[in-house]
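In case you want the letters, here they are:
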Amino acid sequence: MKKGAFYTGEYRNVFKEYGYDEEEINQKIEDAFQTIFYGPEDERFYHEIGDDMACLEDTGNNDARTEGISYGMMMCVQWDWKEEFDKLWKFAKTYMYMTEGDNAGYFAWSVQLDGTKNAYGPAPDGEEFFAMALFFASNRWGDGEGIYNYSQEARNLLHDCIHKGEDGNPGQPMWEPSNKLIKFVPGVDFTDPSYHLPHFYELFALWANEEDREFWKEAADASREYLKKACHPVTGLAPEYAHYDGTPITRDNRHRYYSDAYRVPANIGVEYEWFGEDEWFAECADKIQTFFCETVKGKNDLVYEIDGTIINEKALHPVAIIATNAQASLASKGKYSKECVDLFWNTPLRKGDRRYYDNCLYLFALLALSGNYRIWK
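Now for a quick tour of the structure. (Residues numbered from 1 in each chain as written. Predicted model: local features only at pLDDT ≥ 70, side-chain atom pairs only at ≥ 80, totals over all residues. Heavy atoms only, no water.)

**With respect to the sheet that holds strand β9 (residues 310-314)**
Hydrogen bonds between backbone atoms are what pair the strands of a sheet, whose relative direction is either parallel or antiparallel. Reading across from one edge, β7-β8-β9 is the order of the three strands in this open sheet, with antiparallel pairing throughout. Pairing within the sheet leaves two strands with one partner each, and these edge strands are β7 (256-257) and β9. Relative to β9, strand β8 (residues 302-305) runs antiparallel, the two being bridged by three bridges. When the sheet's bridge partners are listed, V303 is paired in β9 with I311. (Pairing = 2+ DSSP bridges. Helix = DSSP H or I, 4+ residues; strand = E, 2+ residues; numbered from the N terminus.)

Printed below as a string of structure tokens:
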């Protein structure tokens, strides 16, 4: 019998399993939402634009990114905040969506807070989160008109992601056709391990255009196998960027366990929670938690080579490390699962200029560990 939440409909409340009060858990999540979306000026990073649009600001770079907008949409659909979801989506479609040139059909990855584009290229992690959040919105709230016909918007986006460059459709696809692996950006021949979300692709295989469903099923299998190559066999750590064979990209220090890569333990946790068919994900989660709770205990806010060698530099996003190590407990069966969850519970939201990335991953971890990061069918 298959055991993932996709099959059982059951989601673990890891906090409750470890003795936390359910009312306190829900309050902690609500407080985090309120802080991020409506808190004091120096703590929130959700900004409303007029009456019907909003963005999430990358406070470290003073821009709005498809990463953040799509993350915000996923947060909102999970917590049943439809009004905020729609405002974020309208901002994305109004200011980020590209309608001409090779990248028509994609979203500009960075814009200024007034919507002016900083770039005319996309980042595929935004597109995959947009599509998944839109499908969930369709299933949870129903499709509306125009850009709020969520499922149609998702299907159109996924079509372009894999069919650009075919039959007169200009540009480059976001997934490499030969191996079904997501690219770092279209037009390059390498990837980012933290972009690999096989648990999303399994659902795309159900809800994308019918002719594309086999592709997404193969992409899910390909990404599962890819993560096994990219994550270090001893530490479980992944590099920021890597070749299609899993070997790290060595330029610009992208071979290290650094900011992007912190998302990999979180993704491993959700993949195991939702589909739970491959015990490698549990084993990798155990390795990551063992590395942080044993090998570098007391030094878990630094930069590391993926083999565990410590680089004596402070991590740019130390709260993100704590949050995603805890989220790995959805998969972990090892002795450090509770220690990671307890550390996360007792860590507050980050303040200051770099709060955006840390607190996005913090809120996802709260949702996931409380059983509130769900598949909406």
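Let us keep going from here.
**Points about the pattern of salt bridges**
In the structure shown here, the tally under the stated rule is 33 salt bridges. A salt bridge links K3 to E279; the shortest N-O distance between them is 2.6 Å. Separated by 276 residues along the polypeptide, K3 in the segment before α1 (5-8) and E279 in the loop between α10 (263-274) and α11 (280-295) bring together distant segments of the chain. Of the residues examined, K3 reaches a relative accessible area of 44% and is grouped as partly exposed. The class for E279 is partly exposed, based on a relative accessible area of 30%. Here K297 and E339 are joined by a salt bridge, their closest N and O atoms 2.9 Å apart. Highlighted residues: K297 in the loop between α11 and β8 and E339 in helix α13 (residues 337-345), separated in sequence by 42 residues. By sharing partners, the salt bridges in this structure join E202, K217, D221, R224 and E271 into a single network. (Salt bridge = Lys/Arg side-chain N within 4 Å of Asp/Glu carboxyl O. Buried < 20%, exposed > 50% of the residue type's maximum accessible area, 1.4 Å probe, protein only.)

**A few points about the environment of A154**
Residue position: A154 is located in helix α7 (residues 150-163). In sequence terms A154 and A208 are 54 residues apart; their C-alpha atoms lie 7.6 Å from each other. Not counting residues within four places of it along the chain, the set of residues in contact with A154 comprises A131, L134 and F135. (Contact = heavy atoms within 4.5 Å.)

**Thoughts on empty space enclosed by the protein**
What the rule picks out here adds up to one cavity of 30 Å³ or more. Approximately 180 Å³ is the volume found for the largest cavity. In terms of lining, the largest cavity is formed by 18 residues, of which the most central are Y71, F129, R263, N267 and F364. Those elements that place two or more of their residues in the lining of the largest cavity are α6 (124-141), α8 (198-207), α10, α12 (318-327) and α14 (355-369). Ranked by the residues each element gives to the lining of the largest cavity, the list is headed by α10, at four residues. Residue composition of the lining of the largest cavity, by class: 10 nonpolar, five polar and three charged. (1 Å grid on protein atoms, 1.4 Å probe; cavity = no way out; pocket = protein on both sides within 12 Å on 5 of 7 lines; lining within 4 Å. Points joined across faces, edges and corners; volume = space filled by probe spheres on them. Nonpolar A, V, L, I, M, F, W, Y, C, P; charged D, E, K, R; others polar.)

**Section: unusual backbone geometry**
With the exception of glycine, the majority of residues adopt a negative phi angle, and the majority of peptide bonds are in the trans configuration. Even without a glycine there, the phi angle at N62 is positive, about 55°. Position of N62 among the secondary structure elements: in the loop between β2 (53-58) and β3 (63-65). Taking the relative accessible area as the measure of exposure, N62 reaches 54% and is therefore exposed. Unlike most non-glycine residues, K180 shows phi in positive territory, near 65°. Inspection of the secondary structure puts K180 in the loop between β5 (175-176) and β6 (181-182). Looking at K180, the relative accessible area reads 18%, which means it is buried.

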